Amino acid sequence: LADVQRSAGLPHAVIISGLRRVGKSTLLAQLAHTLDAETFYYLNFEDPRLAGFSLADFQTLDSIFAEEFGKSANYYFDEIQVVGKWEIYVRKLVDAACKVVITGSNASLLSSELGTRLTGRHITKEIFPFSYGEYLAAKNAQPGNETFLTYLSEGGFPEYLKNGSRETLKQLLNDIIERAIIGRKGIREKNALKELAVYLVSNTGKEASLNKITKTFGIKSVNTTKAFLSYLEDSYLVFSVRLFDYSLKKQAVNPKKIYSIDTGFIGANSAASSQDLGKMLENVIFLELKRRGMETYYYKGQKECDFVVKEGTKITHAIQVCYELTEENAGRETQGLTQAMENLKIKSGIIITAFQEEEISLGAGKIK
């Protein structure tokens, strides 16, 4: 909230984007009442009574706002991307020095439209399910082994943490696929798309081969599979991480690794009968890197390193994730990390475990 508040004081439109039901509307309401008390306009464009709302209707909307609530220069809009050419109206408000804060749940729609009319005039803030720290605050709990294991299992969706019903997370997956993807894209291969979504969520942290997926789910072409994956990413259900290579061509042709929006979401929708705690921890670490706005890749030489972080033109961090480091897996985990450190010229690396702490000195450098 404080981060978005600071941005809302700048001469830009503030865009809050993220998955449906993740708390964007709640944050928008908090901002409106905190920053502007009684002097703001608000509208949710997914209200069914606004079906068919178009660019031309914004002028009427302004007149109704002024007539009903008096004059204000503070605008708060939910899910504005459902209105075609909305960015023209928002640009007009920004040019008139109005404060504009909007939410959206489709990354592609938002980015393409922002890039046309609002280049340099917007700030985007992505919102995710609760981090571990936010989870503790919501639960009024203390950090520790027990609460962290519970967090790995439950994840951070606010609604689920309130009602405790996993049906909430199952229904959310179905609603997003039906409303945000199938309904808007007119997709005929509905079952294939739903099966693909469950497969990707169930296989977090694993490489996704487009050719293999196309054959497995009987999708008509690799291009269709590629489109399905982009729809799932645009809706914030999953994220893809590319292989790091100095050759952009090699980055493009190698499989991507897939991560889910939330670990509780994985548990509720996964086809697997038991949870892989190592993969759940890896997913949590990926989301934290994403929250911090880090440009993240995976690295593969003879062995694999889970994450490398790029800042500017340089790789600055190499990170391996292992739920528990043991005598049996220590060699494999450190080798993947040290290969990345040596080949990418990084002097220190990190192995993130659930509960262990140590510092190791090797030829490649220090591993914390």
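This report concerns the structure included in the present document. Since this is a predicted model, take the numbers as computed values, not measurements. (Residues numbered from 1 in each chain as written. Predicted model: local features only at pLDDT ≥ 70, side-chain atom pairs only at ≥ 80, totals over all residues. Heavy atoms only, no water.)

**Details of the sheet that holds strand β1 (residues 13-17)**
Logical step 1: Taken in spatial order, the five strands of this open sheet run β2-β3-β4-β1-β5, and their pairing is parallel. The sheet is open, and its two edges are formed by β2 (41-44) and β5 (122-126), each paired on a single side. With strand direction ignored, the average angle separating the axes of adjacent strands in the sheet is 15°.
Logical step 2: As judged from the four bridges shared by β2 and strand β3 (residues 74-78), these two strands associate in the parallel manner. The residue bridging Asn-44 from the neighbouring strand is Asp-78, located in β3. (Pairing = 2+ DSSP bridges. Helix = DSSP H or I, 4+ residues; strand = E, 2+ residues; numbered from the N terminus. Axes fitted to C-alpha atoms, helices over the stretch in contact; angles between N-to-C directions.)

**A closer look at empty space enclosed by the protein**
Logical step 1: Across all of its chains, the model carries three cavities of 30 Å³ or more by this definition.
Logical step 2: In this model, the largest cavity occupies a volume close to 40 Å³.
Logical step 3: Lining the largest cavity, in full, are Tyr-199, Leu-200, Asn-203, Lys-206, Glu-207, Ala-208 and Ile-258.
Logical step 4: Listed by contribution, the elements that provide at least two residues to the lining of the largest cavity are α10 (190-202) and β6 (207-208).
Logical step 5: Partitioning the lining of the largest cavity into residue classes produces four nonpolar, one polar and two charged. (1 Å grid on protein atoms, 1.4 Å probe; cavity = no way out; pocket = protein on both sides within 12 Å on 5 of 7 lines; lining within 4 Å. Points joined across faces, edges and corners; volume = space filled by probe spheres on them. Nonpolar A, V, L, I, M, F, W, Y, C, P; charged D, E, K, R; others polar.)

**Focus on the pairing of strand β11 (residues 314-321)**
Working note: regular strand, side chains alternate between the two faces of the sheet.
Logical step 1: Direction of pairing for strand β10 (residues 304-311) relative to β11: antiparallel, over a ladder of five bridges. Paired with Val-308 across the strands is Ala-318, a residue of β11.
Logical step 2: Between the end of β10 and the start of β11, which pair antiparallel, lie two residues, with Gly-312 showing a positive phi angle near 70°.

**As for the layout of surface pockets**
Logical step 1: Put simply, the second largest pocket is a space of about 480 Å³.
Logical step 2: Taken together, 22 residues form the lining of the second largest pocket, with Arg-20, Arg-21, Val-22, Ser-25 and Glu-159 sitting closest to its centre.
Logical step 3: Every element with two or more residues in the lining of the second largest pocket is listed here: α2 (24-35), α8 (158-163) and α9 (166-185).
Logical step 4: Here the lining of the second largest pocket is composed, by residue class, of six nonpolar, seven polar and nine charged.

**Some thoughts on the packing of aromatic side chains**
Ring pairs (aromatic) are described by centroid distance and by the angle formed between their planes.
Logical step 1: Overall, the coordinates contain 28 aromatic pairs when judged by the stated rule.
Logical step 2: Between the aromatic rings of Phe-157 and Phe-265, the centroid separation amounts to 5.9 Å while the plane-to-plane angle is 40°, which identifies the pairing as tilted. Of this pair, Phe-157 sits in the loop between α7 (145-154) and α8 while Phe-265 is found in helix α14 (residues 263-269), placing the two residues 108 residues apart along the sequence.
Logical step 3: For Phe-265, a relative accessible area of 0% translates into the label buried.
Logical step 4: Relative to Phe-239, the ring of Tyr-236 lies with its centre 6.5 Å away and its plane at 70°, an arrangement referred to as edge-to-face.
Logical step 5: The exposure class of Phe-239 is buried, given its relative accessible area of 6%.
Logical step 6: These aromatic residues form a ring-pair network of at least three members: Tyr-41, Phe-45, Phe-53, Phe-58, Phe-65, Phe-69, Tyr-75, Phe-77 and Tyr-89. (Phe/Tyr/Trp six-rings, centres within 6.5 Å; stacked < 30°, edge-to-face > 60°. Buried < 20%, exposed > 50% of the residue type's maximum accessible area, 1.4 Å probe, protein only.)

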